[in-house]
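Read off the chains here:
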Amino acid sequence: MIGDGFVIDAVTHAYNLHPSNWRAGKYAESLAQLIFGLHCGLSGETHRVLQPERFMKDWSVDELAHILFVESDIDLAVHHVLPLQTLYTDGLCSYEKTVDIKKRYPDRFLVYAGVDPLRGTAALDDLDRQAEELKPSGLKLYPAAWLGDSFRHTGWRMDDPRIAFPLFERAQKLGIKNIAVHKGLPMGAVPLEAYKVDDIGGAADAFPDLNFEIVHGGMAFLDETGMQLSLFPNVYVNLEVTGALLVKRERWFAESLAALLKWAGPSKIMWGSGTVFSHPQPALHKFWHDFQLPEELTQVCGMQVTPEVKRMILCDNYARYAGVDVEAVKKRIANDEFARKKAKGNIQPYSFQESRP
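On a predicted model such as this, the values are computed, not experimentally measured, just so you know.

A. Representation of the pairing of strand β7 (residues 178-182) within the structure. With five of five residues buried, β7 lies mostly within the body of the structure. What you see with β7 is no split at all: Asn178, Ala180 and His182 on one side and Ile179 and Val181 on the other are buried throughout. Of the pairings in the sheet, the one linking strand β4 (residues 138-141) to β7 comprises three bridges and is parallel in character. In the strand pairing of β7, Leu139 is matched with Ile179. Note that the unit made of β7, helix α7 (residues 200-206) and strand β8 (residues 211-215) has a crossover that is right-handed.

B. The arrangement of the pattern of salt bridges in detail. One pass over the full model with this rule turns up 21 salt bridges. A salt bridge links Asp107 to Arg332, with the nearest nitrogen and oxygen atoms 2.9 Å apart. Remark: Arg332 occurs in helix α14 (residues 326-333) and Asp107 occurs in the loop between α4 (95-104) and β3 (109-114); sequence separation between them is 225 residues. What makes Asp107 partly exposed here is its relative accessible area of 28%. Between Glu337 and Lys341 there is a salt bridge, with the nearest N and O atoms lying 3.9 Å from each other. On the criterion of helical spacing, the pair formed by Glu337 and Lys341 is a turn pair, its members being four residues apart in helix α15 (residues 337-343). With a relative accessible area of 34%, Glu337 lands in the partly exposed category.

C. Expanded view of helix α13 (residues 307-322). With 16 residues, α13 should cover 22 Å at 1.5 Å per step; its first-to-last C-alpha distance of 22 Å lies within 8% of that length. The largest bend in α13 amounts to roughly 50° and is located at Ile313. Along α13, the residues that are buried comprise Val309, Lys310, Ile313, Leu314, Cys315, Asn317, Tyr318, Ala319 and Tyr321. Within two residues after α13, Gly323 carries a phi angle of roughly 70°, on the positive side.

D. Expanded view of the packing of aromatic side chains. Taken as a whole, this structure holds 17 aromatic pairs when the rule is applied. Where Phe253 meets Phe291, the ring centres are 5.1 Å apart and the plane angle is 75°; that geometry is what we call edge-to-face. You can see Phe253 sitting in helix α10 (residues 250-264) and its partner Phe291 sitting in the loop between α11 (281-289) and α12 (295-301), a full 38 residues away along the chain. Across the pair, exposure class does not vary: Phe253 and Phe291 are buried alike. In this structure an aromatic cluster arises from ring pairing among Phe36, Phe55, Trp59 and Tyr350. Arg108 extends its terminal NZ or CZ atom over the ring of Phe69, reaching a point 4.9 Å from the ring centre. Sitting above the plane of the Phe287 ring, Lys310 keeps its charged end 5.8 Å from the centroid.

E. The arrangement of unusual backbone geometry in detail. With an omega of 25°, the peptide bond between Thr275 and Val276 qualifies as cis. Along the polypeptide, Val276 turns up in the loop between β10 (269-270) and α11. Backbone geometry at His216 places phi at a positive 75°, although glycine is not the residue there. Turning to its location among the elements, His216 is positioned in the loop between β8 and α8 (222-231). The residue Phe221 is not glycine, and still its phi comes out positive at about 55°. The residue Phe221 is located in the loop between β8 and α8 in this model.

Definitions and limits used
Think of each chain on its own: its residues are numbered from 1, step by step along the sequence as written. Per-residue local features are limited, in this predicted model, to residues with pLDDT of at least 70; the limit for side-chain atom pairs, both in listing and counting, is 80 or more; totals at the level of whole chains, interfaces and linings are taken over all residues. Remark: hydrogens and water are excluded; side-chain values derive from all non-hydrogen atoms of the structure. When accessible area is computed with a 1.4 Å probe and restricted to protein chains, residues below 20% of their type maximum are described as buried, those above 50% as exposed, and intermediate ones as partly exposed. Strands are runs of DSSP state E lasting at least two residues, helices are runs of H or I lasting at least four, and both sets are numbered from the N terminus onward. Here the rule is simple: two strands pair whenever DSSP picks up at least two bridges between them. Handedness of a crossover: with both strands directed away from the viewer, a clockwise path from the first strand across the helix to the second marks it as right-handed. Each salt bridge in this description consists of a side-chain nitrogen of Lys or Arg and a carboxyl oxygen of Asp or Glu lying within 4 Å of one another. Expected span, for any helix, means 1.5 Å times one less than how many residues it has. Fitting axes to the seven residues that end at a residue and to the seven that start at it, the angle between those axes gives the bend at that residue. A pair of Phe, Tyr and Trp rings is counted when the ring centres sit within 6.5 Å of each other, with Trp represented by its six-membered ring. The angle between the planes then sorts it: under 30 degrees is stacked, over 60 is edge-to-face, the rest tilted. To sit over a ring, a charge needs its Lys NZ or Arg CZ within 6 Å of the ring centre and within 35 degrees of the ring normal.

Laid out in structure tokens, this is it:
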């Protein structure tokens, strides 16, 4: 809880960034270095890991949970399977970690399945398997993959009837309603085309009973993203990485948020930290306690970020999107292991210690 508000973090990752997990040579290293660079560049002094070897490692499920629920004010989080097996041996966030999270922390995490659409029928079979075991709240997609011995970067479009639509049809059949797609941030030094948002509307129009979640919304293509939000009732935006800008790039965050609010108001914007990319607490604390749009930006979007708007972004929008019964979750986690640890106070960032036999 932060104040009297329940907080839902719409995207988290227990990354495996260790060099032993790099499969695609310079491309895997490029993305790992990008993630580390964002961490260093956007994190405050008290919540930053300066040593590459302490960050470029295989982050455990227990570390992720401790950071989220003991070291920060997040109450419920979403963990994504990442289907980047052509880039990292375990996909970067392994399926096995997500299974572990689902089994051990069902009251603290929702989970998303993750497949690579370029695998065709194999992706459909993989989604069937994940849906059966995970009972996921959504499906996470990446708009590109690294193919062949040279690890050629190949993109696909969300409005492609041949590649994308069969996957959406299968998701719909399996009862998976929410489709999240990485946009706005290229994954390392790769072509930009696949990360644009102009393909979202075609998917949203063809599948009106599915929801489409633009991850990293506001990092780039602001007006294009805003138009999608305003035109299609089933398009939403997730502020992963964008929210972290608030710590050291507040004006950038303010301009991004104002642009999204300008087009569609606050009802389709969802908070996401991307932890472990950055520690979630500094941006969350600043957003709730201190952030206000500068006057000239309220003239752009026609509104201020009031406490009611903040509650919508931090909780209400995602709860409605994913069908979360917030009051029921509150009761289940009120005295769980994380609540008890947090109640002891004086918790330092990145303070989790592995238990030893």
